[in-house]
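Fold and geometry: a report
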Amino acid sequence: MFRRTFMGAAAALALALPVKAQAADIVDTAVSAGSFNTLVAAVQAAGLVGTLKSDGPFTVFAPTDEAFAALPEGTVETLLLPENKDQLVEILTYHVVPAKVMSGDIAGKRAKVLTVQGDRLSVNAKRGVKVNDAEVIQADIETSNGVIHVVDAVILPE
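So, here's what we can say about the structure. Predicted model only: the values in this text are computed from it and were never measured.

Attention now goes to helix H2 (residues 26-33). Three or more residues of H2 are buried, namely Ile26, Val27, Thr29 and Ala30. Along H2, the residues classed as buried sweep out an arc of 165 degrees about the axis, all on the same side. The inward-facing, buried residues of H2 contact helix H3 (37-46), helix H4 (49-53), strand E1 (58-63), strand E6 (134-143) and strand E7 (146-151). Regarding H2, its N-cap is Asp25, as a side-chain oxygen of that residue lies 3.0 Å from the backbone nitrogen of Val27 further along. Just past H2, the residue Gly34 takes up positive phi, approximately 80 degrees.

Below is the structure:
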């Protein structure tokens, strides 16, 4: 009797204690959001899933499905073709910084940040946050291996 009561009390206590959920990685977070279907498909086609699921840390400026839809007609379909994989990788890695940069780290500043692709992005956080010509529309989505900042446009390397 004592053992059942003790076990029941222990189980009830365990259920009552707050448990901090383990944050998902960048890819799983993007998949579960539901607004990055095109980005996820592009990451898969480029063979970058393993990289974006690795330890990082990474900062990803993630274009929404609407941002991809705003590209000229046929652009996404063309980029997803196997023969255009190198160009797709170049575009996608231009959206990734090899460090975790939260909005508070850059608030009120301007900076040129090095991307995984090798070129630099221009970040202006003086009024809101602009990354090149894209606007950050949602910041600081923390993941287990970095952070996602949602942008309203696909950022193309020069």
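On we go.
Here we take up the packing of H3 against helix H7 (residues 85-93). Between H3 and H7, whose axes approach to 9 Å, the crossing angle comes to 125 degrees. Classed by the angle they form, the pair H3 and H7 counts as oblique. Taken as a pair, H3 and H7 cross one another with a handedness that is left-handed. Across the interface between the two elements, Leu39, Ala42, Val43, Ala45 and Ala46 of H3 pack against Lys85, Leu88, Val89 and Leu92 of H7. Looking at side-chain class alone, the contact of H3 with H7 contains eight nonpolar, no polar and one charged residues.

Bringing empty space enclosed by the protein into the picture now. Taken as a whole and judged by the stated rule, the model has two cavities of 30 Å³ or more. In this model, the largest cavity occupies a volume close to 80 Å³. Of the residues in the lining of the largest cavity, the class split is six nonpolar, two polar and no charged. One number sums up the size of the second largest cavity: a volume of about 70 Å³. Taken together, the elements giving at least two residues each to the lining of the second largest cavity come down to helix H6 (75-79) and H7. Residue contributions to the lining of the second largest cavity peak at three residues, all from H7. Residue classes in the lining of the second largest cavity are distributed as ten nonpolar, one polar and no charged.

With that settled, the discussion passes to unusual backbone geometry. The linkage connecting Gly56 with the following residue, Pro57, adopts the cis geometry, with an omega of 10 degrees. Positive phi, normally seen in glycine, also occurs at Asn132, with a value near 50 degrees. For Asn132, the location among the structural elements is in the loop between strand E5 (130-131) and E6. Non-glycine residue Asp140 carries a positive phi angle of around 60 degrees. Within the fold, Asp140 resides in strand E6.

Taken in spatial order, the seven strands of this open sheet run E2-E1-E7-E6-E5-E4-E3, and their pairing is mixed. If you trace the sheet from one side to the other, it starts and ends with strand E2 (96-97) and strand E3 (110-114), each paired once. As paired elements, E1 and E7 share six bridges and run parallel to each other. Looking at the pairing, Thr59 lines up with Val147 of E7.

Rules of the game
Residues numbered from 1 in each chain as written. Predicted model: local features only at pLDDT ≥ 70, side-chain atom pairs only at ≥ 80, totals over all residues. Heavy atoms only, no water. Buried < 20%, exposed > 50% of the residue type's maximum accessible area, 1.4 Å probe, protein only. Helix = DSSP H or I, 4+ residues; strand = E, 2+ residues; numbered from the N terminus. Arc of directions from axis to C-beta. Contact = heavy atoms within 4.5 Å. Polar contact = N/O pair within 3.5 Å; in protein donor to acceptor, adjacent residues only side chain to side chain. Axes fitted to C-alpha atoms, helices over the stretch in contact; angles between N-to-C directions. Parallel < 35°, antiparallel > 145°, perpendicular 65-115°, else oblique. Left-handed = near helix turned anticlockwise from the far one by under 90°. Nonpolar A, V, L, I, M, F, W, Y, C, P; charged D, E, K, R; others polar. 1 Å grid on protein atoms, 1.4 Å probe; cavity = no way out; pocket = protein on both sides within 12 Å on 5 of 7 lines; lining within 4 Å. Points joined across faces, edges and corners; volume = space filled by probe spheres on them. Pairing = 2+ DSSP bridges.

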